[in-house]
Structure formats: C-alpha cells, structure tokens
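Coordinate analysis (summary)
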Amino acid sequence: VSNAASSGKVLKINSLVAASIGSTTGITLQYFNDVNHASAGSTVSIGMTLSVPTFSTLAVITKDNSVYLEENTALGIFAQPNAGTIDVVCSFEEIS
C-alpha cells in the first residue's frame, strides 16, 4: 500500500491479513518512509519473518494496532522465497 507524496490524504490501515496457501512460510512487513524505497535507511521493520502456519491466516495489523501512512510513505510485505505461497488482504481508509 502506497500513499503518494501529493495525495493530500492519510491512509489508516485497519487490517492486514496473510494467508498461507500450502506450505508453511514466513512474511516480513516493512514501513517505508520514502514511497520510492530509496535506501535501507528509509525502512522500518514492523514484523520480521513472521510464521504463517500451513493453510492458516495471520492478522498482522488489526484495528487494535492500526498504522497510519502519511504522504510519501508505504507498506511492503514479502514472503520468504521458495517457502510456499502467501495471499495478503489489506483494508484501509482514506482520510483527507
């Protein structure tokens, strides 16, 4: 999820759920304080190698721990390579 530099909005991330499709795998969720991901210095890890059990889901962000994305910021989620398949669903609100 990205929020453009000139959007004039804040994005409130209400939920982010990862679902393991098959083999057990892990995910990493990162916050980028530069929407272009210019350098490692612009990255903050929210979760590193979180385990998602086989054929299960993991709620990484919920309404209890919402994340707000200001302009020129983004969230990125990555599955462990060669370790199964992950589907991700994200729910957010635009606040102007």
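Values in this document were obtained by computation on a predicted structure and should not be read as measured data.

1. Section: the overall build of the protein
A count of helices and strands for the protein gives zero helices and eight strands. Written out in order from the N terminus, the α and β elements of the protein read β-β-β-β-β-β-β-β. Accessible area of the protein: about 5,400 Å², with a carbon and sulfur share of 52%.

2. A closer look at unusual backbone geometry
Within the chain, Phe55 stands out as a residue other than glycine whose phi angle is a positive 55°. For Asn72, which is not glycine, the phi torsion reads 65° and is therefore positive. By the secondary structure assignment, Asn72 is in the loop between strand S6 (67-69) and strand S7 (73-79).

3. Describing the pattern of salt bridges
For the structure shown, the criterion picks out one salt bridge. Here Lys9 ties to Glu94 by a salt bridge, and the two come within 2.9 Å at their closest N and O atoms. Taken as a pair, Lys9 in the loop between strand S1 (2-3) and strand S2 (10-21) and Glu94 in strand S8 (residues 85-95) lie far apart in primary sequence, 85 residues in all. A relative accessible area of 30% means that Lys9 is categorised as partly exposed.

4. Focus: the environment of Val89
Structurally, Val89 can be placed in strand S8. The exposure class assigned to Val89 is exposed, which follows from its relative accessible area of 57%. Sequence separation between Val89 and Ala18 is 71 residues; the distance between their C-alpha atoms is 6.6 Å. Each residue touching Val89, except ones within four places of it in the same chain, is listed here: Ser15, Leu16 and Val17.

5. Structural notes on the nonpolar core
Counting residues in each nonpolar core, the largest one holds 13 residues, and the members touching the most others are Ile13, Ile27, Leu29, Val60, Ile61, Leu69 and Leu75. Listed by contribution, the elements that provide at least two residues to this core are S2, strand S3 (25-32), strand S5 (57-61) and S6. No other element matches the four residues that S2 contributes to this core. For Ile27, the contacting residues outside a window of four places in its chain are Ala18, Gly47, Met48, Thr49, Leu50, Val52, Val60, Ile77, Phe78, Ala79 and Ile86.

6. Overview of the side chain of Asn14
With respect to the helices and strands, Asn14 occurs in strand S2. Relative accessible area serves as the criterion here: at 6%, Asn14 is assigned to the buried category. Setting aside chain neighbours within four positions, we find Asn14 in contact with Ile61, Thr62, Lys63, Ser66, Ser91, Phe92 and Glu93.

Calculation notes
- Residues numbered from 1 in each chain as written.
- Predicted model: local features only at pLDDT ≥ 70, side-chain atom pairs only at ≥ 80, totals over all residues.
- Heavy atoms only, no water.
- Helix = DSSP H or I, 4+ residues; strand = E, 2+ residues; numbered from the N terminus.
- Areas by Shrake-Rupley, 256 points an atom, 1.4 Å probe, with all protein chains shown as cover.
- Salt bridge = Lys/Arg side-chain N within 4 Å of Asp/Glu carboxyl O.
- Buried < 20%, exposed > 50% of the residue type's maximum accessible area, 1.4 Å probe, protein only.
- Contact = heavy atoms within 4.5 Å.
- Core = buried A, V, L, I, M, F, W, Y, C linked by side-chain atoms within 4.5 Å.

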